[in-house]
Amino acid sequence: MTRYETITALGDNFIKLMGKSLVPVHLLDWKVYYEAYLKELECQKKYFKKVRKTAVVATVADNYNISERSMFNVIAFMEGC
């Protein structure tokens with residue numbers, strides 16, 4: 001189970017844990033960035049045979065005004081165990 005799956009499985013409890021300062025607030029931002037990455041990845045899979053991860057990351061990073069390196073860090077964190 002990845003970290004993203006764990007966070008989504010928590011549901012409303014995730015917000016409660018953030019309210020009690022047990023989970024850092026920036027994880028909510030990272031969850032939004034990762035979900036945008038997944039959505040963009042699926043969108044590009046419809047139109048291209050081979051999807052370049054760097055292109056998807058660049059698009060999402062530009063939309064949220066963060067660096068591409070930060071986006072790669074978010075992906076690595078969310079896909080980790």
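Here, the structure is the one placed above.
Draft legend 1. Up close: the packing of aromatic side chains. Evaluated as defined, the whole model comprises four aromatic pairs. On the numbers, 5.0 Å between centres and 55 degrees between planes, the contact of Tyr4 with Tyr34 is tilted. Of this pair, Tyr4 sits in helix α1 (residues 3–10) while Tyr34 sits in helix α3 (residues 26–47), and the two are 30 residues apart along the sequence. Assessed through its relative accessible area of 17%, Tyr4 is described here as buried. On the basis of relative accessibility, which here comes to 6%, the residue Tyr34 falls in the buried class. Each ring, one from Trp30 and one from Phe77, has its centre 5.3 Å from the other, and the planes form 75 degrees; the classification is edge-to-face. With Trp30 in helix α3 and Phe77 in helix α5 (residues 68–78), this pair connects stretches of sequence that are 47 residues apart.

Cut-offs applied
Every chain is numbered independently, its residues counted from 1 as its sequence is written. A pLDDT threshold of at least 70 governs which residues receive local features in this predicted model, and a stricter bar of 80 or more applies before side-chain atom pairs are shown or counted, although totals over entire chains, interfaces and linings include all residues. Processing note: side-chain calculations cover all non-hydrogen atoms of the structure and skip hydrogens and water entirely. Stacked, tilted and edge-to-face pairs are distinguished by plane angle, under 30 degrees for stacked and over 60 for edge-to-face with tilted covering the rest, among Phe, Tyr and Trp rings (Trp via its six-membered ring) whose centres lie within 6.5 Å. Helix numbers and strand numbers start at the N terminus; a helix is a DSSP run of H or I with at least 4 residues, a strand a run of E with at least 2. Under the scheme applied here, a residue whose accessible area is under 20% of the maximum for its type counts as buried, over 50% as exposed, and between as partly exposed, the area being computed with a 1.4 Å probe on protein chains only.

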